[in-house]
Amino acid sequence: MGSLLAGVAHELNNPLAIVMGRASLLEEKCEGTPELQGDARRIREAAERCGRIVRTFLNMARAKPAERRNVQLNDLARAAADMLAYTFRSHGIELQLELAADLPEVSADADQIGQVVLNLLVNAQQALASAPAEGVRRVKLASGIEARRSNREPRVWLRVADSGPGVPPALHEKIFEPFFTTKPEGIGTGLGGPSRARWCVITAASSAWRSAPPARSSA
Ligand SMILES: Nc1ncnc2c1ncn2[C@@H]1O[C@H](COP(=O)(O)OP(=O)(O)O)[C@@H](O)[C@H]1O
Ligand SMILES: [Mg+2]
């Protein structure tokens, strides 16, 4: 999907800049009429949001080509956990690491997989933030190796699961679509988590990467 969508996203930049510019001019011109000014502001804000989405997407699509090398998924998991330790603590979320001791290295792009893990953890944290206050707030980051099956190589897996409400069944497929988000403006982009995980699998990262099943975990 990379190059085609990146081209489209790039083409959107110019018309978006016009919409934003004209909307702010209009906003100024409507100084004396609050109702019209409010409409112009809403148009400008919506266009700015489009701009943010396009930028995020272009960053994602332009990301340097995947560089595969042998990586230890447990190290990536620990690094992501370290990075979010403070955020989790300050939200009263317990982060459990259950990393398999004997995990073999896999051939993957460490930056891309690391970002996916980070984004899945952020998703978990956001899901728990909107969960009822009384329940336990726990996120489990686990890794392991799938038993060898006769017809294929064993696979290494990494899973992020949270004790939040989970992904509603009706959304199980949708969350893998780029730009799908249920979060408010400024928070959700629909680009960081599940769709990115799938994108990594398709375009680059690793045959050993398997995204978590959405039904039971944060996907
Ligand atoms: N851990 C989770 N628990 C519940 N819903 C989730 C979780 N992770 C993702 N989702 C759902 O999937 C959607 C898409 O996720 P994502 O692609 O990361 O975009 P974003 O986080 O920017 O909304 C989210 O808006 C949310 O509805
Ligand atoms: Mg997300």
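How each quantity is defined
- Residues numbered from 1 in each chain as written.
- Chains lettered and ligands numbered in written order.
- Predicted model: local features only at pLDDT ≥ 70, side-chain atom pairs only at ≥ 80, totals over all residues.
- Heavy atoms only, no water.
- pLDDT = per-residue confidence, 0-100.
- Contact = heavy atoms within 4.5 Å.
- Core = buried A, V, L, I, M, F, W, Y, C linked by side-chain atoms within 4.5 Å.
- Buried < 20%, exposed > 50% of the residue type's maximum accessible area, 1.4 Å probe, protein only.
- Helix = DSSP H or I, 4+ residues; strand = E, 2+ residues; numbered from the N terminus.
- Near = heavy atom within 4 Å.
- Polar contact = N/O pair within 3.5 Å; in protein donor to acceptor, adjacent residues only side chain to side chain.
- Areas by Shrake-Rupley, 256 points an atom, 1.4 Å probe, with all protein chains shown as cover.
- Expected span 1.5 Å × (residues − 1).
- Pairing = 2+ DSSP bridges.
- Axes fitted to C-alpha atoms, helices over the stretch in contact; angles between N-to-C directions.
- Patch = residues over 30% accessible without salt bridge, like charges linked within 9 Å, V, L, I, M, F, W, Y side chains within 5 Å.
- Salt bridge = Lys/Arg side-chain N within 4 Å of Asp/Glu carboxyl O.
- Phe/Tyr/Trp six-rings, centres within 6.5 Å; stacked < 30°, edge-to-face > 60°.
- Lys NZ or Arg CZ within 6 Å of the ring centre and 35° of its normal.
- Left-handed = near helix turned anticlockwise from the far one by under 90°.
- Nonpolar A, V, L, I, M, F, W, Y, C, P; charged D, E, K, R; others polar.

## Focus: the confidence of the model for the protein chain
Where the model shows low pLDDT, its predicted coordinates should not be examined in detail. Chain-level statistics for the protein chain give a pLDDT mean of 81 and a share of 83% at 70 or above. Taken as a whole, residues 202–219 scores under 50 in pLDDT and shows 58 contacts with residues more than four places along the chain or in a different chain.

## Quick word on the nonpolar core
Core analysis: the largest hydrophobic core is formed by 26 residues, its most contacted members being Leu73, Val117, Leu121, Val139, Leu141 and Val160. At the level of secondary structure, the elements contributing two or more residues to this core comprise helix H3 (73–90), strand S3 (106–108), helix H4 (110–129), strand S4 (138–145) and strand S5 (156–162). Per-element accounting of this core gives the leading share, eight residues, to H4. Residues Ala6, Leu16, Ala47 and Phe57 belong to the second largest nonpolar core, which totals eight residues.

## Considering the site of ligand 1
As a matter of local geometry, ligand 1 sits amid 18 residues, with Asp162, Thr181, Thr182, Lys183 and Thr189 nearest to it. Thr181 is positioned with one of its side-chain polar atoms (N or O) 2.5 Å from an oxygen atom of ligand 1. In isolation ligand 1 offers 530 Å² of accessible surface; the protein chains occlude 94% of this area. Broken down by element, the residue count for the shell around ligand 1 peaks at three residues, all from H4.

## A word on H3
Taking 1.5 Å as the rise per residue, H3 with 18 residues should run 26 Å; its terminal C-alpha atoms sit 26 Å apart, in good agreement. Here H3 has its buried residues at Leu73, Asn74, Leu76, Ala77, Ala80, Ala81, Leu84 and Phe88. In this structure, the buried side of H3 is in contact with strand S1 (69–71), strand S2 (94–98), S3, H4, S4 and S5. One or two steps after H3, the chain reaches Gly92, where phi turns positive at roughly 65°.

## Describing the sheet that holds S4
A sheet is described by the order of its strands in space; here three strands give the open sequence S2-S4-S5, paired in mixed fashion. Each having just a single partner strand, S2 and S5 make up the two edges of the open sheet. Between one strand axis and the next, the sheet turns through 10° on average, direction left out of account. Note that S2 and S4 share five bridges and pair parallel. Paired with Glu98 across the strands is Ala142, a residue of S4. Sitting on the sheet, H4 touches S2, S4 and S5, and the angle it makes with S5 is about 20°.

## Some points on a nonpolar patch on the surface
Together, Leu4, Leu5, Val8 and Leu12 give the surface a local cluster of nonpolar side chains, amounting to about 350 Å² of exposed area. Mapped onto the secondary structure, Leu4 falls in helix H1 (residues 2–29). According to the relative accessible area criterion, Leu4 is exposed, its value standing at 66%.

## Quick notes on the packing of aromatic side chains
In this structure the tally under the stated criterion is zero aromatic pairs. Residue placement shows Arg159 over the ring face of Trp157; its charged tip is 4.7 Å from the ring centre.

## Points about the side chain of Glu27
Structurally, Glu27 is set in helix H1. When sequence neighbours within four positions are dropped, the list of residues in contact with Glu27 reads Gln37, Ala40, Arg41 and Arg44.

## Examining the pairing of S4
When S4 meets S5, the two strands line up antiparallel, connected through seven bridges. Following the sheet pairing, Lys140 is matched in S5 by Ala161.

## Quick notes on the packing of H3 against H4
Interhelical geometry of H3 versus H4 gives an angle of 40° and a closest axis separation of 9 Å. The chirality of how H3 crosses H4 is right-handed. Here H3 contributes Leu73, Leu76, Ala80, Ala81, Met83, Leu84, Thr87 and Phe88 to the contact with H4, which in turn contributes Ala110, Ile113, Gly114, Val117, Leu118, Leu121, Val122 and Gln125. In terms of residue class, the contact of H3 with H4 is built from 13 nonpolar, three polar and no charged.

## Overview of H4
The periodicity of an α-helix, 3.6 residues per turn, causes residues three or four places apart in sequence to face the same way. In this model, H4 (20 residues) spans 28 Å end to end at C-alpha, consistent with the 28 Å of a helix rising 1.5 Å per residue. Listing the buried residues of H4 in full gives Ala110, Gln112, Ile113, Gly114, Val116, Val117, Leu120, Leu121, Asn123, Ala124, Gln125 and Leu128.

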